[in-house]
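Commentary on secondary and tertiary structure
Listed below, chain by chain, are the residues.
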Amino acid sequence: MKKLALILTAALTASLVSAESIMKPVNDKGYGTISGRIQSLTMYRDYADDGKGNGANSTLGIILGYTSPEFAGFDGGLAYNYAGEFYENNNSGMLANDDIHILNEGWVRYNFGALNLTNTTVLAGRRINNSEVFRADDFRQKSRSIETIQAESTDLPDHRFTVGHAMHMSSWIQAGDKWDFNNFGDVFGAGYDTDGVTWGEVVNSRIQGLEVALFDAYAWDVANLIGTRAKWNAGENSALVGYYRHENNVGEAPDRNSDAFGLALQQKVGDFTIEPGVFSVHGSTLRFQETTTGINHPLGSSMMIYAKQFNGGADTAYLKATTQLHKTKLYALYNYTWQNKAAFDGQELNFVIKQPIVDNLTVAFKGGIGYLNWKDGSGNTTATDARLFITYTF
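Residues numbered from 1 in each chain as written. Predicted model: local features only at pLDDT ≥ 70, side-chain atom pairs only at ≥ 80, totals over all residues. Heavy atoms only, no water.

**What about the overall build of the protein chain?**
When you go through the protein chain residue by residue, the secondary structure sums to 3 helices and 19 strands. Taken over C-alpha atoms, the radius of gyration comes to 22 Å for the protein chain, in line with the 21 Å a tight globule of 394 residues would show. Seen along its three principal axes, the alpha-carbon backbone of the protein chain occupies a region of about 65 × 50 × 50 Å. If you take every contact in the protein chain between residues at least 6 apart in sequence, the share linking residues at least 24 apart comes to 55%. (Helix = DSSP H or I, 4+ residues; strand = E, 2+ residues; numbered from the N terminus. Rg over C-alpha atoms; globule rule 2.2 N^0.38 Å. Contact = heavy atoms within 4.5 Å.)

This is the structure in structure tokens:
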């Protein structure tokens, strides 16, 4: 950890001297691209009202990546992810932000340029995906990653196709061994091993101002997800976004069905983008959501998920606001969730301020507060979450 701290100090000093990546002289030699990130993350959580107490810790992490040049249509990439705790106080285990040491990416890819399909590839290995079914969610010291075989293509104009099969998944959270690559039976809490997730998705933007995504994911012996996301630009400053997702049990999984509906308005108001919306889950709790594969929805960015927005029978109204004032980025997300099956209704407010110091170096603060109103009159509970990031990329 002391060595990593010295590396961080040297990197920060270099960033103050030059706006370029410290790896540029090496990368310019043409042997591939080395990139990475050094980040300190300090967290504090107070769940005393829930009987869990409070905890704080600080971690220092590094991501070191390499992408090779393309040769005869082939290229490859690696990314090692490490984070270690150097400060902890009270119940720091509740933060799920401790030690990480993993090859988060390691892949080989082939480009079909020889067949005049320059935007069609097939890939095998560990890879971060960020699309409709799997989300990266780089919320702490690592991104979600999957062990996969997949093909992607954008050669058909205004279309993006992806099909693949994922065998294991490594989450963004460090709770138990969730940061490691696990069988999808563990990911979904099925209690038995499965044969992974086979999925496909297409995004169509052929009609001007309209983007439509269709996707299906078959988690063997767990659940099948089918869904759509549509965004219509209703004007220069307005857009409507709609969501629908259906899940049902498959194979030996117990009976369950879920339907999720969402609708939102994205409106530009001066320097701000405002998004009021609703999201409703009917039937069972969603399998494909933030604590598992991720979900392509603003509620997937909630820091605490305190109101349990993905529960079966949860109806959520939310408001998101973003802006950039000079170089300072501001973000806020509020949601109120009515629980039709659980014993409480909940609220959560998240806010973020991100400030660049110099090129490649940023400081960000994220804060969250959650509130539960218990229907039996037993009282209300409040929880808080605070995170400070200092991030250097190269």
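**As for a nonpolar patch on the surface**
On the surface, Leu 319, Tyr 334, Leu 349, Phe 351, Ile 353, Phe 365, Ile 369, Leu 388 and Ile 390 cluster together into a nonpolar patch covering about 680 Å² of accessible area. Taken together, the elements giving at least two residues each to the nonpolar patch come down to strand 17 (344-358), strand 18 (361-374) and strand 19 (380-393). With 3 residues, the top contributor of residues to the nonpolar patch is strand 17. Position of Tyr 334 relative to the elements: it lies in strand 16 (residues 328-339). (Patch = residues over 30% accessible without salt bridge, like charges linked within 9 Å, V, L, I, M, F, W, Y side chains within 5 Å. Areas by Shrake-Rupley, 256 points an atom, 1.4 Å probe, with all protein chains shown as cover. Salt bridge = Lys/Arg side-chain N within 4 Å of Asp/Glu carboxyl O.)

**Some words on the side chain of Asn 57**
In this fold, Asn 57 is placed in strand 2 (residues 53-67). Note on Asn 57: relative accessible area 1%, which makes it buried. A polar contact of 2.5 Å, which involves the side chain of Asn 57, links it to the backbone oxygen of Asn 97. (Buried < 20%, exposed > 50% of the residue type's maximum accessible area, 1.4 Å probe, protein only. Polar contact = N/O pair within 3.5 Å; in protein donor to acceptor, adjacent residues only side chain to side chain.)

**Here's the deal with the packing of aromatic side chains**
What the rule picks out here adds up to 15 aromatic pairs. Where Tyr 218 meets Trp 220, the ring centres are 4.7 Å apart and the plane angle is 70°; that geometry is what we call edge-to-face. Since its relative accessible area comes to 28%, Tyr 218 is described here as partly exposed. Over the ring of Trp 107 we find Arg 127; its NZ or CZ atom is 4.8 Å from the centre of that ring. (Phe/Tyr/Trp six-rings, centres within 6.5 Å; stacked < 30°, edge-to-face > 60°. Lys NZ or Arg CZ within 6 Å of the ring centre and 35° of its normal.)

**A few points about the nonpolar core**
In this structure, Phe 134, Phe 184, Val 197, Trp 199 and Phe 288 are the most contacted members of the largest nonpolar core, which totals 17 residues. Where this core is concerned, the elements lending two or more residues are strand 7 (159-170), helix 3 (184-187), strand 9 (197-204), strand 10 (210-219) and strand 11 (223-233). Tallying contributions element by element places strand 10 first for this core, with 3 residues. Residues Tyr 47, Met 94, Leu 95 and Ala 364 belong to the second largest nonpolar core, which totals 13 residues. (Core = buried A, V, L, I, M, F, W, Y, C linked by side-chain atoms within 4.5 Å.)

**Let's talk about the pairing of strand 18**
As judged from the 14 bridges shared by strand 17 and strand 18, these two strands associate in the antiparallel manner. Bridge assignment links Gln 347 to a residue of strand 18, and that residue is Tyr 371. Counted along the chain from strand 17 to the antiparallel partner strand 18, the turn is 2 residues long, and its residue Asn 360 has a positive phi close to 80°. Where strand 18 lies against strand 19, 13 bridges are found, and the strand directions are antiparallel. Along strand 19, the bridge assignment pairs Asn 373 with Asn 380. Joining the antiparallel neighbours strand 18 and strand 19 is a turn of 5 residues, in which Gly 377 adopts a positive phi near 80°. (Pairing = 2+ DSSP bridges.)

**A short note on the pattern of salt bridges**
Considering all chains together, one arrives at 15 salt bridges under this definition. For the salt bridge of Glu 105 with Arg 127, the shortest nitrogen-to-oxygen distance reads 3.3 Å. Here Glu 105 is found in strand 4 (residues 100-112), whereas its partner Arg 127 is found in strand 5 (residues 117-127), with 22 residues between them in sequence. The class of Glu 105 is buried, set by a relative accessible area of 14%. The partner of Lys 375 in a salt bridge is Asp 345, with the nearest N and O atoms 3.7 Å apart. With Lys 375 in the loop between strand 18 and strand 19 and Asp 345 in strand 17, the pair connects residues that are 30 residues apart, well separated along the chain. According to the relative accessible area criterion, Lys 375 is partly exposed, its value standing at 45%. Owing to a relative accessible area of 14%, Asp 345 belongs among the buried residues under this scheme. Overlapping salt bridges bring together Arg 45, Asp 385 and Arg 387 as one network.

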